[in-house]
Amino acid sequence: MSFSVALVALLGLTALSNSAHAFSLEWSGLYRIEALRIKNSELESIERNKAYINHHLILRPRAVVADGLSVFSRFDILNNADLPNSQFGQFFGNGVGGAPNNSADNTNVLAGNQADETLRVTELYLTYHFEFATLIAGRAPLHFGLGLTHNSGSGQFDHWYDNRDLVAFEMVMGNLKFRPMFAKAVEGELDIGDDINEYMFQMDYENAETDTSFGLFYQSRRSGLSGNDIPAGLSASGIVGGFEGKNINFYMKRGWEDFSFGLEGGFAKGKTGLRDSSNNDIGFDGFGIAVELDYQKPQSLWHWNLKTGLAGGDNPDTANTLEGFFFDRNYEIGLLLFNHVVGQFDALSTSLVRDTTLDVAGANGFTNAGSVPDVESLSNVIYLAPGFTHKWKDEWSWGGRLIYAVLSETNLRVNGALTNVESDLGYELDFNLTYRPHERFTWVSEVGLLSPGAAFEGGATGLDSKFAYGIMTKAAINF
């Protein structure tokens, strides 16, 4: 926090010591507040509830130092200690109490205030524009295509973000942009090879006249043995080598007068630095694709859309290859499915990548889904989700979406043993009501009804797959 305050003070002093023509400071930001209640998120007969309120503030000061030279920054306030490096926000009810409680000032039931919060810096970078190119250096956001893999979290209600400490040089040639990048994911000890480096290249084409765009993103992340901190529990041998991973994503989008089509595909391939029981190197090789269709006649109040795609699941028969592909958690389909952990059985196999230390064990050692917020990702699934929006007044609109999904891999591990499970994940029906009196304020209320499929029963394990529903209301203010 002291670093952020010092930066703001420095910018303020600089503004006072320079003329208005030489320096300017611009501010923008976002405040959002959300309330959620899910009935029976574990899909069991006990029907326990999950409920919380969270809120978050983002400040984005921009210093325009000179023509073509700017410094961008972002400060996050009211952060969540259980979800670090996210923009989920602080829960309502962050008490001051601790252990031991020796005074009223440190006792939740007697305290007269809430615990104070920290301020975090999540972006700080400069841009310098040449005639046909731009230099970017610092901690900058990272986004590509539909946000399948690289997602900066710029949406009003996004809870996650991607950024990098990088140096990039963006070249513009007509409608084409080329951006080679070098990023330092981790700088370890200065005298040993424990760094994690990334080499990236992004190409984008945009033609506003024909509403056509396409692009390619290549990412290579590498670490040596001493810098590899992948979860060793994925292998009995532990970490024996460095990490080498490659992601290749492509996207295309085309729009016409009343119809648009968007597609992004991603490939993840590499070596984990682990070995299987036969002493073979364990690698990963996954694939995912997302398609978005939109249809709306000019001047029509009805807007129809379709989201469909697939994400590969891990095949346990290939012990030395992990085939699971994981969408970015900002890429959402519904209120419940692929957003919140539901049920007691990890049918999507996302426990491979998310922080399971937040899970509270339920009956028979399975996940208590009510113990975690929306940390779920989309993986091991094929989905189809048509939806619509109807604008019935200038400030009001309503819409809905039907989601149907099946597992792409049904031979899964249940408590360490291979088990065949049903593929059906069930149906979800969502409805939403949006109030937007002007472009800077949005208020959305949603209802999600989930009829879970037999996949959540975990095969012969025989877990419950009972009906669940969720209610959410949220508001965002842009300034």
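These numbers were taken from a predicted model, which means no experiment stands behind them. (Residues numbered from 1 in each chain as written. Predicted model: local features only at pLDDT ≥ 70, side-chain atom pairs only at ≥ 80, totals over all residues. Heavy atoms only, no water.)

*Asks:* Where do I start with the overall build of the chain in this structure?
*Replies:* For the chain, the count of helices and strands is one helix and 24 strands. Counting across all 479 residues of the chain, residues that qualify as buried make up 44%. Of the roughly 23,600 Å² of accessible surface on the chain, a fraction of 56% belongs to carbon and sulfur atoms. (Helix = DSSP H or I, 4+ residues; strand = E, 2+ residues; numbered from the N terminus. Buried < 20%, exposed > 50% of the residue type's maximum accessible area, 1.4 Å probe, protein only. Areas by Shrake-Rupley, 256 points an atom, 1.4 Å probe, with all protein chains shown as cover.)

*Asks:* Explain the nonpolar core to me, please; I cannot follow it from the model alone.
*Replies:* The tendency in soluble globular proteins is for nonpolar side chains to be buried as a group. Counting 47 residues, the largest nonpolar core has Phe327, Phe338, Tyr383 and Leu425 as the members making the most contacts within it. Apart from residues lying up to four places away in sequence, leucine 425 is in contact with Phe338, Ala347, Leu348, Val381, Ala405, Val406, Leu407, Ser451, Pro452, Gly453, Ala455 and Phe456. Within the second largest apolar cluster, 12 residues are counted, among which are Ile136, Leu142, Leu166 and Ala183. (Core = buried A, V, L, I, M, F, W, Y, C linked by side-chain atoms within 4.5 Å. Contact = heavy atoms within 4.5 Å.)

*Asks:* I would appreciate a short explanation of the pairing of strand β2 (residues 49–66) in the present structure.
*Replies:* Direction of pairing for strand β1 (residues 24–39) relative to β2: antiparallel, over a ladder of 16 bridges. Paired with leucine 36 across the bridge in β2 is tyrosine 52. Of the strand pairs in this sheet, β2 and strand β4 (residues 90–91) are connected by two bridges, and their pairing is antiparallel. Bridging from a neighbouring strand, asparagine 54 pairs with phenylalanine 91 of β4. Where β2 meets strand β3 (residues 69–77), seven bridges bridge the pair, whose relative direction is antiparallel. (Pairing = 2+ DSSP bridges.)

*Asks:* Could you clarify how one ought to interpret unusual backbone geometry in this entry?
*Replies:* Residues apart from glycine generally show negative phi values, whereas peptide bonds are mostly found in trans. Phi at phenylalanine 338 is positive, roughly 65 degrees, even though this residue is not glycine. Mapped onto the secondary structure, phenylalanine 338 falls in the loop between β15 (321–322) and β16 (360–361). Residue phenylalanine 338 is classed as buried on the basis of its relative accessible area, which comes to 3%. With phi around 50 degrees, asparagine 380 is a residue other than glycine that occupies positive phi space. Here asparagine 380 lies in the loop between β17 (367–368) and β18 (381–391). A relative accessible area of 0% means that asparagine 380 is categorised as buried.

*Asks:* How do you make sense of the pattern of salt bridges when you look at a structure like this?
*Replies:* When the charged atoms of two side chains lie near each other, side chains of opposite charge can form a pair. Counted by the stated rule, this structure contains 13 salt bridges. Put simply, arginine 275 and aspartate 281 hold a salt bridge, and the shortest N to O gap is 3.3 Å. Note on arginine 275: relative accessible area 28%, which makes it partly exposed. Salt bridges sharing common partners tie together Arg164, Glu198 and Arg221. (Salt bridge = Lys/Arg side-chain N within 4 Å of Asp/Glu carboxyl O.)

*Asks:* It is not clear to me how the pairing of β18 should be interpreted in this structure. Could you clarify?
*Replies:* Strand residues, when the strand is regular, have side chains that alternate between the two faces of the sheet. Direction of pairing for strand β14 (residues 302–311) relative to β18: antiparallel, over a ladder of 10 bridges. Counterpart to asparagine 305 in the pairing with β18 is glycine 387. With nine bridges connecting them, β18 and strand β19 (residues 396–407) associate as antiparallel partners. Bridge pairing links leucine 384 to tyrosine 404 in β19.

*Asks:* What should I look at first to understand the environment of glutamate 395 in this one?
*Replies:* Locating glutamate 395 in the fold gives a position in the loop between β18 and β19. We classify glutamate 395 as partly exposed; its relative accessible area is 35%. Counting along the chain gives 47 residues from glutamate 395 to threonine 442, while the straight-line C-alpha distance between them is 9.6 Å. Among all residues touching glutamate 395, those that are not within four sequence positions of it are Thr434, Tyr435, Arg436 and Pro437.

*Asks:* I keep staring at the side chain of aspartate 314 and nothing clicks. Help me out?
*Replies:* One can find aspartate 314 in the loop between β14 and β15. Within polar-contact distance, the side chain of aspartate 314 engages the backbone nitrogen of glutamate 323 at 3.1 Å. The contacts of aspartate 314, once residues within four sequence positions are left out, are Thr321, Leu322, Glu323, Gly324, Glu409 and Asn411. (Polar contact = N/O pair within 3.5 Å; in protein donor to acceptor, adjacent residues only side chain to side chain.)

*Asks:* How do you make sense of the packing of aromatic side chains when you look at a structure like this?
*Replies:* The geometry of an aromatic ring pair is captured by the separation of the ring centres together with the interplanar angle, meaning the angle of the planes. Taken as a whole, this structure holds 27 aromatic pairs when the rule is applied. Ring geometry for tryptophan 396 and tyrosine 435: centres 4.7 Å apart, planes at 35 degrees, overall tilted. Within this pair, whereas tryptophan 396 is found in strand β19, its partner tyrosine 435 is found in strand β22 (residues 424–438), the two being separated by 39 residues in sequence. Residue classification places tyrosine 435 among the partly exposed residues on the basis of a relative accessible area of 25%. Connected via pairs of aromatic rings, a cluster forms that spans Trp302, Trp304, Phe388 and Trp398. (Phe/Tyr/Trp six-rings, centres within 6.5 Å; stacked < 30°, edge-to-face > 60°.)

*Asks:* Mind showing me how you'd approach the confidence of the model for the chain here?
*Replies:* Where the model shows low pLDDT, its predicted coordinates should not be examined in detail. Mean pLDDT for the chain: 89, with 89% of residues reaching 70 or above. Every residue in residues 13–20 scores below 50 in pLDDT, and together they form three contacts with partners more than four places removed in sequence or on other chains. Taken as a whole, residues 362–366 scores under 50 in pLDDT and shows 12 contacts with residues more than four places along the chain or in a different chain. (pLDDT = per-residue confidence, 0-100.)

*Asks:* Please clarify how the environment of phenylalanine 243 should be interpreted in this entry.
*Replies:* Residue placement: phenylalanine 243 occurs in the loop between β10 (212–223) and β11 (244–255). Considered as a pair, phenylalanine 243 and asparagine 228 are 15 residues apart in the sequence and their alpha carbons are 6.0 Å apart. With near-sequence residues (within four places) excluded, phenylalanine 243 lies in contact with Arg221, Arg222, Ser223, Asn228, Ile230, Lys271, Thr272 and Phe284.

*Asks:* Could you clarify how one ought to interpret the side chain of aspartate 204 in this entry?
*Replies:* Positionally, aspartate 204 belongs in strand β9 (residues 196–207). One buried charge, aspartate 204, has no salt-bridge partner; the nearest side chain with opposite charge is arginine 179, at 6.6 Å. Side-chain polar atoms of aspartate 204 contact the side chain of glutamine 202, separated by 2.8 Å. With sequence-adjacent residues up to four places away left out, aspartate 204 is seen in contact with Phe144, Asn175, Leu176, Lys177, Phe214, Gly215 and Tyr251. (Lys, Arg positive; Asp, Glu negative; His and termini not counted.)

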